[in-house]
Every structure is written in structure tokens, then in C-alpha cells.
Amino acid sequence: MSKIEEFEELRPLLFSIAYRIVGSVAEAEDAVQETWLRFDASTTRVASPKAFLSATVTRISIDVLRSARVRREEYVGPWLPEPLLSDPYQDPERSAELADSVSMAALLLLERLSPLERSVFVLREVFAFGFDEIAAAVGRSEAACRQLLVRARQHMQAGRPRFEADRQKRQELATRFFDALKGGDVGGLQNLLAADVQLVGDGGGKAPQLARAVVGAENVARLLAAVYPLMARIDVTFEPHEVNGQPGAVFRDRDGKILHILVLDVLDGQIQTIRSVINPDKLGHLGPVADAWAVDHEVKQARRQMN
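A. Main features of the nonpolar core. Counting 49 residues, the largest nonpolar core has Ile17, Tyr19 and Phe127 as the members making the most contacts within it. Elements that contribute at least two residues to this core include exactly α1 (3–22), α2 (25–41), α3 (49–73), α5 (104–110), α6 (115–126), α7 (131–138) and α8 (142–159). The leading source of residues in this core is α1, at 10 residues. Apart from the residues within four sequence positions on either side, Tyr19 is in contact with Ser24, Val25, Ala28, Pro81, Glu82, Pro83, Leu84, Val102, Leu107 and Asn244. Of all hydrophobic cores here, the second largest spans 38 residues; its members include Leu181, Leu193, Met231 and Ala302.

B. Expanded view of the pattern of salt bridges. Tallied over the entire structure, the rule returns 21 salt bridges. For Arg94, the salt bridge goes to Glu97, with nearest N and O atoms at 3.8 Å. Residue classification places Glu97 among the partly exposed positions, given a relative accessible area of 30%. Across the salt bridge formed by Lys300 and Asp296, the nearest N and O atoms sit 3.2 Å from each other. Of the two residues, Lys300 and Asp296 both sit in helix α12 (residues 292–306), 4 residues apart, roughly one turn of that helix.

C. Fine view of the pairing of strand β1 (residues 193–202). Counting buried residues in β1 gives 7 out of 10 residues, a clear majority hidden from the surface. Pairing analysis gives 6 bridges linking β1 to strand β6 (residues 270–277), with the strands arranged parallel. Pairing of Gln198 across the sheet is with Thr273, part of β6. Bridging between β1 and strand β2 (residues 214–215) involves 2 bridges; their strand directions are antiparallel. Among the inter-strand pairings, Gln198 is bridged to a residue of β2, identified as Val215.

D. Main features of helix α11 (residues 217–233). Across its 17 residues, α11 extends 25 Å between first and last C-alpha, which sits within 8% of the 24 Å expected from 1.5 Å per residue. Those residues of α11 lying buried are Ala217, Val220, Ala221, Leu224, Ala225, Tyr228, Leu230 and Met231. Remark: Asp235 follows α11 within two positions and exhibits a positive phi of approximately 70°.

E. Just the packing of α3 against α7, in detail. Put simply, α3 and α7 touch, their axes get as near as 8 Å, and they point 45° apart. Overall, the two elements α3 and α7 adopt an arrangement that is oblique. As for the relative orientation of α3 and α7, their crossing is right-handed in sense. Facing Ala55, Thr58, Arg59 and Ile62 of α3, the residues of α7 in contact are Ala136, Ala137 and Val138. Considered class by class, the residues forming the contact of α3 with α7 number 5 nonpolar, 1 polar and 1 charged.

Quick notes on the rules
- Residues numbered from 1 in each chain as written.
- Predicted model: local features only at pLDDT ≥ 70, side-chain atom pairs only at ≥ 80, totals over all residues.
- Heavy atoms only, no water.
- Core = buried A, V, L, I, M, F, W, Y, C linked by side-chain atoms within 4.5 Å.
- Buried < 20%, exposed > 50% of the residue type's maximum accessible area, 1.4 Å probe, protein only.
- Helix = DSSP H or I, 4+ residues; strand = E, 2+ residues; numbered from the N terminus.
- Contact = heavy atoms within 4.5 Å.
- Salt bridge = Lys/Arg side-chain N within 4 Å of Asp/Glu carboxyl O.
- Pairing = 2+ DSSP bridges.
- Expected span 1.5 Å × (residues − 1).
- Axes fitted to C-alpha atoms, helices over the stretch in contact; angles between N-to-C directions.
- Parallel < 35°, antiparallel > 145°, perpendicular 65-115°, else oblique.
- Left-handed = near helix turned anticlockwise from the far one by under 90°.
- Nonpolar A, V, L, I, M, F, W, Y, C, P; charged D, E, K, R; others polar.

This is the structure we're talking about:
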């Protein structure tokens, strides 16, 4: 195989590693591209392209994450990962680990780890790399990597997210939720929400956003039932879509541009958390992005007309 063929075969794996380390689609894609440039510039034939490329993308991702941490400390409002509609890497033997590790809840939990802990955890727990490969990737001894993994597991176990294991049950509940949302059915929504459900929005100061998380089934149901019928009046539509391995939807304005992404955490037959990503910087990889401020202005006009 040529270099480019070897690289393209491994591209899905490299992106999946990078995304789990940095939590950003755009930055993961940049890390993968930089990995290709280094691979292409290498004058020696590597014994294992997979080992070389995985180590390279991991080291680049660690550097990216360290830089991103500074920006995230100054972020306006809650920070959420960039939504991922489909994970390019598939491995039937690791399907459960891959699905759980890409969820927004898991990625937010990974934020608690240091860049090295996060990288070791991702390589070992998600992708089942050997400690020799991990050590080469992060530039630490195997013994040090084992210690990093122990610490990472302790942090992750303390808040490890749990999800409804039955995919069909998740989808059925999500269908009922979006049907109730479309109809502005407060009672129907409230029946699907956990008592302590949270609604969290990420606008990053670049789009209309909640001042803080909305907590409680009644509060969340009333807010959703008040807002989404108004959005429908100005031709905002949505299509259900899996987001980061969980049920969700893509919302679009009347021109078909992406307005925001909604994703649901489902457990024990109820929705535990609703996350909305409306920051335009986090949606550009999905297609043309709507002007959320203009949509918000139209929604307010529609509300005044109804009153």
C-alpha cells in the first residue's frame, strides 16, 4: 500500500482518538491533518503505520487540548463538546465502549482529567491499546501510564454516566419527546422528564443562550412548550438524529441552515439531561449555519403577536 492508502485506511481511527481527547470536531480534524503531514514528511519506512500514526495524533491532540483548556476557562456560559452526528470508526468488538465514550456526558467527564490522563484513558479503555503503545504515544514509561490510568479510572468512576442500554427504548422515548415538543404539550413533556432533569445550553456568547441551566421537570417542560411552537410559527423545523451516540435532533431555519443541536440523555425510562448546542462556531462542520440572533428576534415578534 502507498502512504496515502495506509493513512486513509486509518483516518477514521485517528479522528476518533483525537475527538475523544479534544472534544472538538474541527480541532480533531486539524490534528488528523497535521498527523498526515508528519507521516508524509517522514523519510523512513515505519514498521507499524497504525502505531506511528496513533502515537502522532495522540501527541498532537495533547498539545491541542492543553491550549484549548486556557480558552475553555474563559468561555462564556456552559461549555459543551462539538456535536458529532456519526463516529467514522467502527469496531464491533468495542461498540459499547465506543458509543459510551463519545457521548456528551462522557466527554464532559473526561474534561476533569489532565491531558495525559485523558489520553491514556482513551487509548486503553476505549481503543484497547497495549501499554507499550500508550507509553510510546504519550512519552511516559509503561509504569507511569499504568498509574495515569488508575487515577483516570478513579475520576471517571466517581461520575461515570449511565444510559439506557436498550437502543430501541431510547429511540421510542425520544420519539415521544419530540412529538410532545412539536405540539407544545407541557404534560406530555413533563411525563417524560426525570424530576431533577437539567436543560443546558451552549451559546458561547455568540448566540442567544440560557443564563443558567434550567432544572426540574415542570420548569423544563414549560420552557420547551412555550418556545418551540413559536419557532414552528417562523418555519423552524427539526429532524431526529443520533448525536454523539444518543437520541437527538438537528434544528434548521426556514432556509435549511442549522440553528442548533439537541441531545438527550435517557436512563430508566426518563430523560435525565437535555443539552443544546447553538454556538455557531461548533456547528459549521455540519453545514451552513443559521443566524440565531435573527431567529430569536422573530420568535419574540411571534410571541408579541400572539399576546
